[in-house]
Amino acid sequence: MNQIILHHYPFSTFSEKVRTALGYKGLAYQSVEIAGLPPRPLLAPLTGGYRRAPVLQVGADIYCDTNIILPALDRLHPAKPLYPKGSEGVAQGLGFAWERQMWVPTIGVLVHYIGEHIPPEFIKDRKEGYLMIDISKEAMAPQFAQHLQFVRGQLAWLKQALAARPFLFGDAPSAADLACWQTIFLLRKNCPPEVDALLGLAPLVPWYERIAAFGHGLPTTATAEAAFEAARAAQPAPVTHLAPNGDPGGLLAGCPVVVTPDDNARVPVRGTLVAASDTEVIVHRRDAQAGDLHIHFPRLGFDVVAA
């Protein structure tokens with residue numbers, strides 16, 4: 001089996017989610033640090049232009065978005081599953097809903113504390129090419145009370161859910177725990193200690209620290225050039241976990257498709273459909289330098305249409 005390669009950057013909280021999943025599973029992987037902003041000249045050809053981080057690579061198979069990366073880790077490395085048996089759908093849906101609803105309010109709280117330290121080029125990128133909103137401290141200040149209220153409301157039910165158990169589904173962590181944890185990580189890592197009191201985080205600290213203790217697994221530093229060469233030297237793995245014509249919308253294997261995030265960073269990825277289901281879509285691309293690639297996306301959060 002080809003080695004896991006993680007393309008990520010240190011201050012990406014979604015990357016932290018995957019780093020922590022790798023830590024929980026105790027997996028070895030090659031760590032490729034990418035720039036926080038495009039261009040990423042050796043990663044873009046592997047993803048077809050998809051611009052969010054992190055990206056997980058296994059040979060010539062490229063996984064875009066944490067909501068396909070974590071299921072792939074469970075499929076390829078089933079020990080210590082992140083989707084508890086019998087509650088897989090709840091873990092998937094809860095994590096997705098938390099991240100989708102909490103992201104902008106969490107940024108609103110973050111920039112209240114550290115907005116003046118965010119580089120102007122980062123703010124410009126998030127406004128013009130990523131979130132399509134102005135995340136500068138001045139622009140978000142009028143909504144601070146609203147964002148604070150929303151975050152507190154979400155944390156209230158999380159505290160209730162964790163009041164009598166170590167993790168959301170019992171004694172072991174899940175993808176939903178990691179989704180909730182990563183937004184809190186963003187605040188606790190970057191804001192002054194008083195953010196705990198502001199948000200009433202004290203009851204969640206033991207849960208937070210249990211997850212933080214998993215660490216980041218067994219990374220080995222690698223270069224973008226080495227990762228690109230690994231893709232070029234490999235062939236995509238045979239697809240055995242999806243039916244070739246299992247797309248619920250009727251898209252057939254072999255047809256040209258366009259896959260686009262439906263919320264932000266809406267860069268379309270064009271390719272040929274390999275297989276699809278109601279949870280995953282795989283497209284084939286051939287890059288002039290990297291060769292044949294399979295790019296994997298979650299169905300939830302992405303538009304998939306015939307080209």
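Rules and cut-offs
Residues numbered from 1 in each chain as written. Predicted model: local features only at pLDDT ≥ 70, side-chain atom pairs only at ≥ 80, totals over all residues. Heavy atoms only, no water. Helix = DSSP H or I, 4+ residues; strand = E, 2+ residues; numbered from the N terminus. Rg over C-alpha atoms; globule rule 2.2 N^0.38 Å. Buried < 20%, exposed > 50% of the residue type's maximum accessible area, 1.4 Å probe, protein only. Contact = heavy atoms within 4.5 Å. Areas by Shrake-Rupley, 256 points an atom, 1.4 Å probe, with all protein chains shown as cover. Core = buried A, V, L, I, M, F, W, Y, C linked by side-chain atoms within 4.5 Å. Pairing = 2+ DSSP bridges. Axes fitted to C-alpha atoms, helices over the stretch in contact; angles between N-to-C directions. Lys, Arg positive; Asp, Glu negative; His and termini not counted. Salt bridge = Lys/Arg side-chain N within 4 Å of Asp/Glu carboxyl O. Polar contact = N/O pair within 3.5 Å; in protein donor to acceptor, adjacent residues only side chain to side chain. Expected span 1.5 Å × (residues − 1). Bend = angle between axes of the 7 residues up to and from the residue.

(A) A look at the overall build of the protein. In terms of regular secondary structure, the protein is built from 11 helices and 10 strands. Relative to its length of 307 residues, the protein is compact, with a C-alpha radius of gyration of 19 Å against a globular reference of 19 Å. Relative to its 307 residues, the protein shows a buried fraction of 53%. Once local pairs closer than 6 in sequence are excluded, the contacts in the protein between residues at least 24 apart make up 70%. Entry remark: accessible area of the protein is about 13,300 Å², with carbon and sulfur atoms responsible for 57%.

(B) Spatial organisation of the nonpolar core. Leu70, Leu155, Leu158 and Trp207 are the most contacted members of the largest nonpolar core, which has 62 residues in total. If one sorts the elements of this core by residue count, helix 4 (residues 88-114) sits on top with 10 residues. Leaving out residues up to four positions away in the same chain, Leu155 has contacts with Trp98, Ile184, Leu199, Leu201 and Leu204. Ranked by size, the runner-up nonpolar core spans 32 residues in total, among them Leu46, Ala53, Ala222 and Val257.

(C) View of the pairing of strand 2 (residues 28-33). Where strand 1 (residues 4-8) meets strand 2, four bridges bridge the pair, whose relative direction is parallel. Residue pairing across strands places His8 opposite Glu33, the latter belonging to strand 2. Bridge count between strand 2 and strand 5 (residues 218-221): four bridges; the pairing is parallel. Of the residues in strand 5, the one forming a bridge with Gln30 is Thr220.

(D) Region of interest: the sheet that holds strand 3 (residues 55-58). One open sheet holds the 10 strands; their spatial order is 5-2-1-3-4-9-8-7-6-10, and the pairing between them is mixed. Edge strands, defined here as strands with exactly one partner in the open sheet, are strand 5 and strand 10 (302-306). On average, adjacent strands in this sheet sit at an angle of 35 degrees to one another, irrespective of strand direction. Packing against the sheet, helix 1 (residues 13-25) makes contact with strand 1 and strand 2, and its axis sits at approximately 155 degrees to strand 1.

(E) Summary view of the side chain of Glu280. With respect to the secondary-structure elements, Glu280 resides in strand 8 (residues 280-287). It is Arg75 that comes nearest to the buried, bridge-free Glu280 among opposite-charge side chains, at 4.7 Å. Polar side-chain contacts of Glu280 include one of 2.8 Å to the side chain of His296. Apart from the residues within four sequence positions on either side, Glu280 is in contact with Ile68, His241, Leu242, Ala275, His296, Phe297 and Arg299.

(F) Spotlight on the side chain of Ser15. Tracing the sequence through the fold places Ser15 in helix 1. Note on Ser15: relative accessible area 0%, which makes it buried. Once you skip the residues sitting within four places of it in the chain, Ser15 turns out to touch His8, Tyr9, Ala53 and Pro54.

(G) Focus on helix 8 (residues 175-190). Along its 16 residues, helix 8 runs 23 Å from first to last C-alpha, staying within 8% of the 22 Å computed at 1.5 Å per residue. At Ile184, helix 8 shows its maximal bend, which comes to roughly 25 degrees. Burial analysis of helix 8 places 13 of its 16 residues in the buried class, the great majority of the element. Between the side-chain oxygen of the N-cap and the backbone nitrogen of Ala176 there are 3.2 Å, and the N-cap of helix 8 in question is Ser174.

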